[in-house]
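Residues per chain, in single letters:
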Amino acid sequence: MNKRMDVLDVLRGFALIGILMVNVQLMTSGTWVYEQTGSRVEVNGIDAAAGLIVTIFFEGAFITLFTFLFGVGFHVFMSRAEQKGHPARKLFFRRMTGLLIIGLAHLFLVWMGDILTIYAVTGFLLLFFYQRQAQTMLRWALGLLVLFLMLLFSRLLIPAGQLEAMRQEGKTMGAAVTDAYAEAGSWSWLVFRMTEEVPWVLSESVFLLPFVLGMFLLGMYGGKQGWFEEPSRWKAIPRSVYAVVLLLFAGMAGVVAAMETGFLDAGAHQVFLLDTLTRTAGALLTFLYTAGIVYLFSRVGGRGWWMTSLRCMGRTALTMYLLQSITALTIIYAGDLYGRIGTAGSLLLAVGILFGQILLSRWILSRWKQGPVEYLWRRFTYKTVNEIRRPDSIESASLLLGAGANLLMAGMAWVTYYYSHSEAILLDGNYSFIMFLGVITALQVSIVKARRTKTFPLGQFFYESLYAFMKGLLILGVLLMAASTAVIRIFLYASGSTEGIPMLVPEPIFYYAAACTVICYSMTLFYRRQYRRTGGQSILMRTEQKSTLVDGSLSLGIAAGVFFLMQGGGGNAGFVPYLADAIFVLILALLLVREPVSMIRESVIELAGGALQNKGRQAYFEEVIARHKPASWNVEDVFISKNGSRYMLMIYIRHVDGYFAVEEAIGMKRNVLKEAGAHYPHLYLEIIPDSGSSWHAAETEQVQ
């Protein structure tokens, strides 16, 4: 990876830190609605001090930096695509389409503060500017940014009567947001998000188009001019420029601080003036931040723990951005923190999440070239998976995607359990988290299985079978636990005791179960496709396929039961609100128990060195052997065993004349391994003559 990309990755990682610091405040309360419509929200004490720090040093700068870097990234993407002879415009169109899909999913399913959607929509417009001269890009960029600044200042001209109407609208919307988020996870909350919040956010996003496109074009201009090809070029900027920018920022920051602390009062338009000054000062601070990071990068050469951590965050920026929303909101909703945690508490939460993300991003890049969402985005763009994994294997990339899906479903389940009181959902969430841990184990197995040591000279493929055995036991245990929980719940109800059985809240259960059903069955089909791509030899892909099938079927049963309940199913039957999910889980547990039992049986046979159970595969090997054996040989028996991805073929032979030519045996072995090894690379073959035969000539040697 060249330094140009390294410094951009470091800047992206740095930008992600500031974005979370700002976003986590918006996630913990609905005050953003009031501020958007010109109303001021009073805070005091440590929260006021923390809020002032965020306003001055984070609020306007980091989103500006992130947007600018997107424009630089567009230039890098198009340039490299053209250098490789790819259809750059077509690829970028697909890239933006993929980003739009991710952004809309993030906006509708996770959080209203998504920026990916407007990035994608605005990104399509960059295709009209790519072939323009650098100066044309710069003029358009400055023109759009000046237009945006004029739009910001134009709010100061809003008449008092209209401003008051806006504030009343904001108070109404703010009260609705507070009420809806007090029941986050409920059906009414979801309806509010889809019908009120998201449309309102999309309409407000139109206001940001000049800013986003302007920063994109400025980033393209910087990329075209080579600002980041050699970081030392930033040293050529006169110090007087930095001094002027710093003084302007300090002046604006001072005014913002005076207004926030009450020393200055701009009257009815104070909130809008504060926002305008904050955004303008943020743009100046972006320049200083960028120059400072580039300078430090050039001094240390991208080395050191912090630089490496920022680079890892930047290379997994899309994954980390989405995880920020998912992690923060899961903690906020599960901990009932919405509206109860101030700015200072929000910052502490952000620091904890960021520390976890640094460790996670470093771990991901120690094993793969990019994060799971980046992998999917690139695959969607290029319709290929070539050269985007480390190690270069189907298993590793597939399992990484599966780990992310399981962790997402576990978080969703725990939040849903909090609002629905469904033991089945809690069990399903715990199952998903166990599956996540299992996938992490499988990732390690996929790395070490082919590694040869003195103790295991033929590789460590037995770990695959051992993993399948443990996974089968785990799934069987989860199913038995689910069935036991359902039986106990039914028994308690039949005994006339409903005190210990909480009544189900169906709406969040249905929402969760429907989403998990789609995710699990999609992963089942994905693992099935990947299993076929390995030639049917990956026991890891086969195991995960069965696991997600079980999980998806459980979710489908829960969704069906809850839907039955929501439609008034059962008529006047009083047991339905208490037992609907228990009955369906019990039925599905009984139907699905065959899958883990099959996994356990197959893995035990492999670990014990038993014969291959797949008759079709055994017939294939026998046909290959028959094609390549010498005519004078009689094959008495063929024993085939399998341990994970490794196959062992033992061919028992008899010669009509009682002796064998060594050259014939070597030639047969070579030909069999060449043909069958193309599909099964970890193949071992041993030729064993009958007791009455011997090898021909003096050069007798063992053939294995």
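Keep in mind that this is a model prediction, so the values were computed, not measured.

> Describe the environment of Phe 77, with residues and values.
The topology assignment puts Phe 77 in helix 4 (residues 61–83). The sequence separation of Phe 77 and Leu 91 amounts to 14 residues, and the corresponding C-alpha distance is 9.3 Å. In this structure Phe 77 touches Ala 88, Leu 91, Phe 92, Arg 95, Thr 381 and Tyr 382, once residues within four positions along its chain are discounted.

> If you had to explain the packing of aromatic side chains to someone new, which residues and values would you point to?
Taken as a whole and judged by the stated rule, the model has 28 aromatic pairs. Taking 6.4 Å as the distance between ring centres and 50° as the angle between the ring planes, the aromatic pair formed by Phe 77 and Tyr 382 counts as tilted. Here Phe 77 is found in helix 4, whereas its partner Tyr 382 is found in helix 16 (residues 372–382), with 305 residues between them in sequence. Judged by relative accessible area, Tyr 382 falls into the partly exposed class, the value being 24%. Between Tyr 119 and Phe 216, the ring centres sit 5.4 Å apart and the planes meet at 70°, which makes this aromatic pair edge-to-face. On the criterion of sequence distance, the pair formed by Tyr 119 in helix 6 (residues 116–125) and Phe 216 in helix 10 (residues 209–225) is long-range, its members being 97 residues apart. Like Phe 216, Tyr 119 is buried.

> Would you mind going over the pattern of salt bridges in detail, with residue names and values included?
Inspection of the entire model under this criterion finds five salt bridges. When the shortest N-O distance is used, the salt bridge between Asp 9 and Arg 12 registers 2.8 Å. Remark: Arg 12 and Asp 9 occur in helix 1 (residues 3–28); sequence separation between them is three residues, near one turn of the helix. A residue is classified by how much of its surface remains accessible, and Asp 9, at 4% relative accessible area, is buried. Put simply, Lys 642 and Glu 606 hold a salt bridge, and the shortest N to O gap is 3.0 Å. With a gap of 36 residues between them, Lys 642 in strand 1 (residues 633–643) and Glu 606 in helix 23 (residues 594–607) connect regions that are remote in the sequence. The exposure class of Lys 642 is buried, given its relative accessible area of 11%. Note on Glu 606: relative accessible area 11%, which makes it buried. In the salt-bridge network here, residues are joined through shared partners; they are Arg 155, Asp 275 and Arg 279.

> Pulling in residues and values, what's your account of the state of the cysteines?
A complete count under the given rule lists zero disulfides for this structure. The structure places no disulfide on Cys 516, whose sulfur is separated from the nearest cysteine sulfur, that of Cys 520, by 5.8 Å. With relative accessibility at 0%, the residue Cys 516 sits in the buried group.

> Could you give me a rundown of the environment of Arg 532, with the residues and numbers involved?
The residue Arg 532 is located in helix 20 (residues 506–533) in this model. Overall, the relative accessible area of 56% leaves Arg 532 in the exposed class. For the pair formed by Arg 532 and Arg 542, sequence separation is 10 residues and the distance between their alpha carbons is 9.4 Å.

> Tell me about the confidence of the model for the protein chain, and name the residues and values.
The predicted model of the protein chain has a mean per-residue pLDDT of 80, with 87% of residues at 70 or higher. Mean pLDDT in the protein chain bottoms out at strand 5 (residues 694–695), which sits at 61, and peaks at helix 15 (residues 343–365), which reaches 92. Scored below 50 in pLDDT, residues 384–392 makes 19 contacts in the model with residues more than four places away or belonging to other chains. Here residues 569–573 scores under 50 on pLDDT; set against residues more than four positions off or in separate chains, the count is four contacts.

> Can you lay out helix 14 (residues 317–334) for me, pointing to particular residues and giving the numbers?
Its 18 residues place the ends of helix 14 25 Å apart at the C-alpha level, agreeing with the 26 Å of an ideal helix rising 1.5 Å per residue. Inspection of helix 14 places Ala 317, Leu 318, Thr 319, Met 320, Tyr 321, Leu 322, Gln 324, Ser 325, Ala 328, Leu 329, Ile 332 and Tyr 333 among the buried residues, and these make up the whole buried set. Asp 336 sits one or two residues past helix 14 and shows a positive phi near 55°.

> Lay out the nonpolar core with the relevant residues and their values.
Core analysis: the biggest nonpolar cluster contains 122 residues, and Leu 99, Tyr 119, Leu 126 and Phe 228 have the highest contact counts within it. In terms of nonpolar packing, the next biggest core, distinct from the first, is built from 19 residues, Trp 633, Leu 649, Ala 665 and Leu 683 among them.

> Which residues make up helix 24 (residues 615–628), and what values do they have?
Counted at 1.5 Å a residue, the expected span for helix 24 with its 14 residues is 20 Å, and the 20 Å between its end C-alpha atoms agrees. Taken together, the buried positions of helix 24 are occupied by Arg 617, Phe 621, Val 624 and Ile 625. Seen from one end, helix 24 has its buried residues packed into an arc of 100°, which puts them on one side. Within helix 24, the exposed residues directed more than 90 degrees away from the buried face are Lys 615 and Gly 616.

> How would you sum up a nonpolar patch on the surface? Please name residues and give values.
A contiguous nonpolar patch, built from Tyr 463, Leu 466, Met 470, Leu 473 and Leu 607 and spanning about 410 Å² of accessible area, is present on the exposed surface. With four residues, the top contributor of residues to the nonpolar patch is helix 19 (residues 462–494). Tracing the backbone shows Leu 473 in helix 19.

> Break down the packing of helix 11 (residues 239–260) against helix 12 (residues 270–300) for me, citing the residues and quoting the values.
Where helix 11 meets helix 12, the axes come as close as 9 Å, and the angle between the chain directions of the two elements is 150°. In terms of orientation, helix 11 lies roughly antiparallel with respect to helix 12. Once helix 11 is placed against helix 12, the crossing between them reads as left-handed. For the pair helix 11 and helix 12, contact is made by Val 241, Tyr 242, Val 245, Leu 246, Leu 248, Phe 249, Met 252, Val 255, Val 256, Met 259 and Glu 260 and by Gln 270, Leu 273, Leu 274, Leu 277, Thr 278, Thr 280, Ala 281, Leu 284, Leu 285, Phe 287, Leu 288 and Ala 291, respectively. Among the residues forming the contact of helix 11 with helix 12, the class breakdown is 19 nonpolar, three polar and one charged.

Reading the values: rules and limits
- Residues numbered from 1 in each chain as written.
- Predicted model: local features only at pLDDT ≥ 70, side-chain atom pairs only at ≥ 80, totals over all residues.
- Heavy atoms only, no water.
- Helix = DSSP H or I, 4+ residues; strand = E, 2+ residues; numbered from the N terminus.
- Contact = heavy atoms within 4.5 Å.
- Phe/Tyr/Trp six-rings, centres within 6.5 Å; stacked < 30°, edge-to-face > 60°.
- Buried < 20%, exposed > 50% of the residue type's maximum accessible area, 1.4 Å probe, protein only.
- Salt bridge = Lys/Arg side-chain N within 4 Å of Asp/Glu carboxyl O.
- Disulfide = S-S within 2.5 Å.
- pLDDT = per-residue confidence, 0-100.
- Expected span 1.5 Å × (residues − 1).
- Core = buried A, V, L, I, M, F, W, Y, C linked by side-chain atoms within 4.5 Å.
- Arc of directions from axis to C-beta.
- Patch = residues over 30% accessible without salt bridge, like charges linked within 9 Å, V, L, I, M, F, W, Y side chains within 5 Å.
- Areas by Shrake-Rupley, 256 points an atom, 1.4 Å probe, with all protein chains shown as cover.
- Axes fitted to C-alpha atoms, helices over the stretch in contact; angles between N-to-C directions.
- Parallel < 35°, antiparallel > 145°, perpendicular 65-115°, else oblique.
- Left-handed = near helix turned anticlockwise from the far one by under 90°.
- Nonpolar A, V, L, I, M, F, W, Y, C, P; charged D, E, K, R; others polar.

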